[in-house]
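Read off the chains here:
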Amino acid sequence: MRIRNVLQSWGKVLHGHTPLLSIEITRECPLRCPGCYAYGADHLGGAVTLRELSDYRGDDLVNGVLSLVDRHKPLHVSLVGGEPMVRHRELSRILPELSSRGIFTMIVTSAIIPIPHEWIKLPRFMVAVSIDGLPEHHDVRRHPATYERILENISGNLVNVHWTITAQALERASYMEEYVRFWNAREEVRYIWVSLYTPQRGEQSAEMLSAAQREQVARELPRLMALYPKLLSPKGYGQALLHPPASPKDCTFSRLSKNYSADLKTRVEPCVFGGDPDCSQCGCSASAAAHWISEIRVAGPLRAKHLLHGSMHIGNAMARLQNVALPAWSEREQVTPTAEEKLVHISLD
């Protein structure tokens, strides 16, 4: 993220607009990945699942996505799923329009379907390909989006690689470096970034990292970044992964983003994971990066988060004056407390 992008986001906040918008543009996906949060029973709150929603195609999808963009006026739009590439015809109409409006757009895909070369030429557009480990794990977890198929479908393009690290990938000491070395050497790859698997509260699964494994990743990232320039892991990022925000109310990324599911109406709350994510074990790369930036000292004790919070108060007033959609940070403050947060603690001292 460049300084210019930070200033643009700040400007959106001051005007009462939520700068980040994420849209699950389809309920369809040919993969059945273990631990996929999008298809969890509680991803949309428990009343309905992603596969049960009605979704759109053709003009209805194109117009629906652009309508959400018109309503929220974001700086950045993430188009996810499901597998967004199953709507590649509609995306071929949506992406040039967003680019022409000066909006940054990212598609998050398994690369199960070839990525059109003309998309990569669009200004302010990027593709993030989810590749969860080396072939020994990825090809099992994300079949049929195997390494062979990914390499075929990204050929001739320039993409970013996103790796969600699970516990299985840390059983071999050299695993992380083997992964980063492979993708750093590929000419189709621009950048590599990593997240840690984020469980739901109360979850017990093979994907979950132990505290020791999280510390292992935090130690390895700076060393690997020094060796492999395509790996994005700025100083402080690893520590941000070890000390995530305590709740969505404290999460800068959550407070700056709105997330919609495939019917373009249902909201994904309290963040892109939906359901009831265990914030104490959050491994979201966007959350960690935003948290790291928010803690940067600007002058003396003044940190970036203090400027942001002040800007949010101004943005609230601007939103009311303009009669625009309630900003995401205001929604976070209005969220009903969880059962744990409602507990009254009585001191016997």
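These lines cover the structure that appears in this document, whether it is placed above or below. (Residues numbered from 1 in each chain as written. Predicted model: local features only at pLDDT ≥ 70, side-chain atom pairs only at ≥ 80, totals over all residues. Heavy atoms only, no water.)

**Let's talk about the overall build of the protein**
Along the protein, the regular secondary structure elements total 14 helices and nine strands. Whereas a compact globule of 349 residues would reach a radius of gyration of roughly 20 Å, the protein reaches 20 Å, a difference of no more than 12%. A principal-axis box enclosing the C-alpha atoms of the protein has dimensions of 55 × 55 × 45 Å. The buried share of the protein, taken over its 349 residues, is 51%. Sequence separation of at least 24 residues holds for 75% of the intrachain contacts in the protein that already meet a minimum separation of 6. For the protein, the exposed area adds up to about 16,800 Å²; of that, 56% sits on carbon and sulfur atoms. Between the mean site of the 39 positive side-chain charges and the mean site of the 37 negative ones, the protein shows a separation of 7 Å. (Helix = DSSP H or I, 4+ residues; strand = E, 2+ residues; numbered from the N terminus. Rg over C-alpha atoms; globule rule 2.2 N^0.38 Å. Buried < 20%, exposed > 50% of the residue type's maximum accessible area, 1.4 Å probe, protein only. Contact = heavy atoms within 4.5 Å. Areas by Shrake-Rupley, 256 points an atom, 1.4 Å probe, with all protein chains shown as cover. Lys, Arg positive; Asp, Glu negative; His and termini not counted. Charge placed at Lys NZ, Arg CZ, Asp CG, Glu CD.)

**Details of helix H6 (residues 147-154)**
The set of residues buried in H6 consists of Tyr 147, Ile 150, Asn 153 and Ile 154. The arc that holds every buried residue of H6, seen down its axis, measures 135°, which confines them to one face. In H6, the exposed positions angled more than 90 degrees off the buried face are occupied by Glu 148 and Glu 152. Where H6 is buried, its residues contact strand E4 (125-130), helix H5 (135-141), strand E5 (159-165) and helix H7 (175-184). Gly 156, located one to two residues past H6, shows a positive phi value of around 85°. (Arc of directions from axis to C-beta.)

**Some remarks on the packing of H7 against helix H8 (residues 211-227)**
Where H7 contacts H8, the two axes come as close as 11 Å, and the packing angle between them is 35°. Note that H7 runs across H8; the crossing there is right-handed. Where H7 abuts H8, its residues Met 176, Glu 177 and Val 180 lie against Val 217, Glu 220, Leu 221, Arg 223, Leu 224 and Leu 227. Along the lines of polarity and charge, the residues of the contact of H7 with H8 split into six nonpolar, no polar and three charged. (Axes fitted to C-alpha atoms, helices over the stretch in contact; angles between N-to-C directions. Left-handed = near helix turned anticlockwise from the far one by under 90°. Nonpolar A, V, L, I, M, F, W, Y, C, P; charged D, E, K, R; others polar.)

**Thoughts on the state of the cysteines**
What the rule picks out here adds up to zero disulfides. Here Cys 251 is not cross-linked by a disulfide; its sulfur's nearest cysteine counterpart is in Cys 282, at 6.3 Å. By relative accessible area, which is 9% here, Cys 251 ends up buried. No disulfide involves Cys 284; its nearest neighbouring cysteine sulfur is the one of Cys 282, lying 5.2 Å away. Residue Cys 284 is classed as buried on the basis of its relative accessible area, which comes to 11%. (Disulfide = S-S within 2.5 Å.)

**Quick word on the packing of helix H2 (residues 58-72) against helix H3 (residues 88-100)**
Remark: H2 packs on H3, axes separated minimally by 9 Å, with the N-to-C direction vectors making an angle of 25°. Relative to H3, the element H2 lies roughly parallel. H3 is crossed by H2, and the crossing has right-handed handedness. Residue-level contacts link Gly 58, Asp 59, Leu 61, Val 62, Val 65, Leu 66 and Val 69 of H2 to Glu 90, Arg 93, Ile 94, Glu 97 and Leu 98 of H3. Taken together, the residues of the contact of H2 with H3 sort by class into seven nonpolar, one polar and four charged. (Parallel < 35°, antiparallel > 145°, perpendicular 65-115°, else oblique.)

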